[in-house]
Amino acid sequence: FVTPESLQCISITFLAIDQMNRACDGTDPNRLDTRIKNTLASLNLKAAERAIDLADASSALSHVRFGLQFVGDTGWSLCYEICLRLHEAACLANYLNSSPDEVLKHFEEIINHARKFEDKIKANCIMIKSSASGNIKGAINSAFIILNQLGESFPSVATPEDIQNAIASIKEFHCDDPKEKIMNSPELTDTKKLWSLKLMDHIFPYLHMMSSNLLILISARMLKISFQHGFAPESASGFFCYSYSLISTFNDIEEGYRWAKLALVVLERFNAPSLSPKVKICITMFVSIWKEPVQSSVVDFLRLHQEALLVGDIEFAAISSKGYIHHGFISGSSLATIERECAAISLEMMQSNQMHGLFWCMNHHAMIMALNGKQGRDPFAVYKNGSINNYHDALAYAETTGRRRLMRAIYSNRLVEAFFFGRYSEAMDMAEKYRNESEISMPIEHVLNSFLEGLTAFHLARSESCSRWMELGENSIHSFRSWAVHSSWNFDNKLFLLEAESYFCHGQYDKAEEKYQSAIESSRLHRFVHEEGLACELFGSFCKTRGKSSKHIELMARARDCYKKWEAYGLLEKDCFKNCDTSCDSIIPGLSIGNEKGDSPP
C-alpha cells in the first residue's frame, strides 16, 4: 500500500496541480495554447486516477472537471486518449461517490464517442457495477452480452451436462505442484482474454446471489484462460469461485480449502492491492468457516473492511461489514455490540448506495432487536424510501426483484428468532422455506439453519410423534458429523447438542445426559456463550421432563446467565426463566459461565 514517503510526494504533486488549476480557473480555455491545455488535462487525468487509487472520490471528481474543461468540446477529436480516460475516471469516481446518474452520463459519452469496441469495455464494467445495485439481472445480462462479443459465450441456463463439462475441463489443469505452476507460468497478455477475466471478476458476486450453476461455469472459464493463456491478478477470483463451488455444490471441503489457498498464491505473485481485499473477504466469508475458528474471522472482517475502503472497493467493504455482523452473531459476540454495528453499517450502506447489503443488514438488525429486547433504534428507519418497514415488506421486495439470496437471508433470520422464542412451528416453516428456496449452496447461514432446523425437528418429533421430523433431525446430525471432521472447534458443540436431543427422542436418557454435558462443555471451551446458554436451556427442559426439578432450576439459571452475558435480554422474558431468581455459577464441576476461561482459537 501507500508509504508515508509516497504520500508526501503525492501531496506535493496534487498541490502543484491544484495551484495550476486555480490559476486557470475562470480563464477561457480557448485562450490557452493547445499544447498547454493538453498538458494540463493530462496532469489532471493523472491526479484523478491517483485520487481514485486512494479512494478519494471528491478530489478525483475535481480533477476530472478541470481536465474536461481543458480538453473542451474538441477533446474527442484532438486528444482522444486523454478524453476517453477522463470520462472513464469520471465514471469510476462517481461510482465511488454513489452518484449513479453521473455514472450514466459519462458512460453514454464514452459509448457515443468511443472509436472501437475495446475502448468501451472499461466503461461497461463500471456501469455494470453501478447498475447492479438496482438491477442485478440486468447487470448480469449486460456482462454476458459483452463476454460474448469478447469470444466467451455462456448458456443462459447451466444444464447438468454443462456443469459436468466445466468440472472436467478444470481437472485437465491439475498438476503435482500448482503453486509452482502459478508462480512461474506466463503472465496474461491477450487484451481480450484479460478484459474477459476482469468482466467475470466483476460479475461473480452477483452470480453467487442469483445462480450458483452459472458461477461454476464462470470459475471454470477463468481458470481455463489462466492456465492456457497466462495468469493475471483476476485469476485469483477464478480460484476462489472454484473453491466455493467445490464446497457449496459438491461438499468437498478439503479440496475447496486447497483451491482457496491457491487464490492467495495468485495474489502473492501479482501483489495486487486493489483486488486483494475482495478475494480475501470472499475466502473468509465462504471458505474459512469450514476449517478455522469462526471467532478469528470477526477481527479479519474489520481489517479487510478498512483495506477495501482504502482501495475504493465500496461494494466489498459493505460485504465485509455483513461478514463482521454475521460471523459475530454466530460466534456469540455481544448482541448490544452487534446491534450498534448493524445501525452504523446500515447507515454507511445507505450513504454508499449499497442496497443489497442494506436490505440484508436491516433484516439482520431486526432479528438482533428481537433477541435483545428491542434495545436500539428502528432497523428499517435508515431506508429513506419508506416502502420497507418490516420483514414482510422486505420479503415482498425480494420476491418482486428476484433476489433469492435476500429471500433466504430473511427466512434464516426469522427462523432464528422463532426458534429462540420457542415458536417451533413457525421456525420449521421458515426452515422449510429456506431449504426450498435454496440452491445447492452452503453459506455460513446454512450451518446455523441446519443446526436450528435439526433441534426444531427433534422438539416437534417429541410432541407430534412424526417420523418426518426424526428424519430431518437425523439429517442435521449427519451434516454436522461430516463438518466436525474438518473443524471440531466450530461444529463439535452443535453436533453434541443435536445428538443429545436425538437420544432424548429415542428414550436413551443416560446417553442424552452425557451429550448435553458435552455440548455445554464444548460451547464453553470454544467460546460460544449463546450456544452454551442454549445447551443449558435444552438440558434443563430434559431434566424437567425426567422429574429432576432441582437440576432443572440450576440449568435454567445458568442458561439465563449465559443469555445475559450474550445480552439477549429479550430471551430473559421467556416463561421458562421466571422461576430462576438466583445465579448458578456452575452445574458441571470446574465449568464457569460463558467464555471467561475458554480456550483461545488456535
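Residues numbered from 1 in each chain as written. Predicted model: local features only at pLDDT ≥ 70, side-chain atom pairs only at ≥ 80, totals over all residues. Heavy atoms only, no water.

Novice: Explain the overall build of the protein chain to me, and be specific about the residues and the numbers.
Specialist: Across its full length, the protein chain carries 28 helices and zero strands. Considering only C-alpha atoms, the protein chain reaches an extent of 95 × 50 × 45 Å along its principal axes. The long-range share in the protein chain, meaning contacts at least 24 apart out of those at least 6 apart in sequence, stands at 68%. Accessible area for the protein chain stands at about 25100 Å²; split by element, carbon and sulfur atoms hold 49% of it. Distance between charge centres in the protein chain, computed from 62 positive and 73 negative side chains, equals 1 Å. (Helix = DSSP H or I, 4+ residues; strand = E, 2+ residues; numbered from the N terminus. Contact = heavy atoms within 4.5 Å. Areas by Shrake-Rupley, 256 points an atom, 1.4 Å probe, with all protein chains shown as cover. Lys, Arg positive; Asp, Glu negative; His and termini not counted. Charge placed at Lys NZ, Arg CZ, Asp CG, Glu CD.)

Novice: Could you give me a rundown of helix α24 (residues 467-484), with the residues and numbers involved?
Specialist: One turn of the α-helix equals 3.6 residues, which is why residues spaced by three or four share an orientation. Taking 1.5 Å as the rise per residue, α24 with 18 residues should run 26 Å; its terminal C-alpha atoms sit 26 Å apart, in good agreement. Those residues of α24 that sit buried are Trp 469, Met 470, Leu 472, Gly 473, Ser 476, Ile 477, Ser 479, Phe 480, Trp 483 and Ala 484. Residues of α24 that are buried make contact with α14 (253-270), α22 (424-437), α23 (444-464) and α25 (488-505). (Expected span 1.5 Å × (residues − 1). Buried < 20%, exposed > 50% of the residue type's maximum accessible area, 1.4 Å probe, protein only.)

Novice: Give a detailed account of empty space enclosed by the protein, specifying residues and quantitative values.
Specialist: Tallied over the full model, the rule gives six cavities of 30 Å³ or more. Approximately 550 Å³ is the volume found for the largest cavity. If you go around the largest cavity, you meet 34 residues; those closest to its centre are His 208, Met 209, Ile 319, Lys 322 and Arg 405. Contributions of two or more residues to the lining of the largest cavity are made by α11 (191-210), α13 (235-248), α15 (276-286), α17 (314-330), α19 (355-371), α21 (404-420) and α23. Sorting elements by how many residues they give to the lining of the largest cavity places α17 first, with seven residues. (1 Å grid on protein atoms, 1.4 Å probe; cavity = no way out; pocket = protein on both sides within 12 Å on 5 of 7 lines; lining within 4 Å. Points joined across faces, edges and corners; volume = space filled by probe spheres on them.)

Novice: An account of the packing of aromatic side chains is requested, with residue identities and associated values reported.
Specialist: We describe a pair of aromatic rings using the distance from one ring centre to the other and the angle between the two ring planes. Under the criterion given, the structure shown has 31 aromatic pairs. When the ring of Phe 451 is compared with that of Phe 480, the centres are 6.0 Å apart and the planes differ by 65°; the resulting orientation is edge-to-face. Of this pair, Phe 451 sits in helix α23 while Phe 480 sits in helix α24; the two residues are 29 residues apart in sequence, bridging distant segments of the chain. Overall, Phe 451 belongs to the buried group, its relative accessible area being 2%. Each member of the aromatic cluster is reached from another via a ring pair, and the members are Phe 329, Phe 419, Phe 420, Tyr 424, Tyr 563, Trp 566 and Phe 577. The ring of Trp 195 carries the charged tip of Lys 198 above its face, separated from the ring centre by 6.0 Å. (Phe/Tyr/Trp six-rings, centres within 6.5 Å; stacked < 30°, edge-to-face > 60°. Lys NZ or Arg CZ within 6 Å of the ring centre and 35° of its normal.)

Novice: Report on the nonpolar core, specifying residues and quantitative values.
Specialist: Taken as a class, soluble globular proteins show a tendency for nonpolar side chains to be buried jointly. Residues Phe 239, Phe 329 and Trp 566 are the most contacted members of the largest nonpolar core, which totals 171 residues. The contact partners of Phe 329, leaving out residues within four places of it in the chain, are Leu 335, Ile 338, His 364, Met 367, Ile 368, Leu 371, Val 416, Leu 448, His 530 and Trp 566. Formed by 34 residues, the second largest nonpolar core is a distinct cluster that contains Leu 45, Val 71, Ala 114 and Ile 126. (Core = buried A, V, L, I, M, F, W, Y, C linked by side-chain atoms within 4.5 Å.)

Novice: I'd like to hear about the environment of Ser 352, residue by residue, with values.
Specialist: One can find Ser 352 in the loop between α18 (335-351) and α19. C-alpha separation for the pair Ser 352 and Glu 315, spaced 37 residues apart in sequence, amounts to 8.6 Å. If near-sequence neighbours (up to four positions away) are discounted, Ser 352 is found in contact with Ser 98 and Ile 314.

Novice: An account of helix α28 (residues 549-566) is requested, with residue identities and associated values reported.
Specialist: Its 18 residues place the ends of α28 26 Å apart at the C-alpha level, agreeing with the 26 Å of an ideal helix rising 1.5 Å per residue. All of the buried residues in α28 are His 552, Leu 555, Met 556, Ala 557, Arg 558, Ala 559, Arg 560, Asp 561, Cys 562, Tyr 563 and Trp 566. One or two positions beyond α28, positive phi appears at Glu 567, with a value near 65°.

Novice: Pulling in residues and values, what's your account of unusual backbone geometry?
Specialist: Positive phi, normally seen in glycine, also occurs at Ser 98, with a value near 55°. Mapping Ser 98 onto the fold places it in the loop between α5 (80-96) and α6 (100-113).

Novice: With reference to specific residues and values, describe the packing of α21 against α22.
Specialist: Two measures define how a pair of helices packs: the angle their axes make with one another and the distance between the axes. Interaxial distance between α21 and α22 falls to 8 Å at its minimum, and their mutual angle equals 160°. Relative to α22, the element α21 is oriented roughly antiparallel. The crossing of α21 and α22 is left-handed. When α21 is examined against α22, the residues Arg 404, Met 407, Arg 408, Tyr 411, Ser 412, Arg 414, Leu 415, Ala 418 and Phe 419 are found in contact with a partner set consisting of Tyr 424, Glu 426, Ala 427, Met 430, Ala 431, Lys 433, Tyr 434 and Glu 437. Of the residues in the contact of α21 with α22, the class split is ten nonpolar, one polar and six charged. (Axes fitted to C-alpha atoms, helices over the stretch in contact; angles between N-to-C directions. Parallel < 35°, antiparallel > 145°, perpendicular 65-115°, else oblique. Left-handed = near helix turned anticlockwise from the far one by under 90°. Nonpolar A, V, L, I, M, F, W, Y, C, P; charged D, E, K, R; others polar.)

Novice: So what about the pattern of salt bridges? Which residues, and what values?
Specialist: One pass over the full model with this rule turns up 27 salt bridges. Put simply, Lys 105 and Glu 102 hold a salt bridge, and the shortest N to O gap is 3.2 Å. Linking Lys 105 with Glu 102, this pair stays in helix α6, spanning three residues, or about one helical turn. Residue classification places Glu 102 among the partly exposed residues on the basis of a relative accessible area of 31%. With a shortest N-O distance of 3.0 Å, Lys 494 and Glu 531 are connected by a salt bridge. Residue Lys 494 is found in helix α25, and its partner Glu 531 is found in helix α27 (residues 529-545); the two are separated by 37 residues along the sequence. The pair formed by Lys 494 and Glu 531 is uniform in burial state, with each residue classed as buried. (Salt bridge = Lys/Arg side-chain N within 4 Å of Asp/Glu carboxyl O.)

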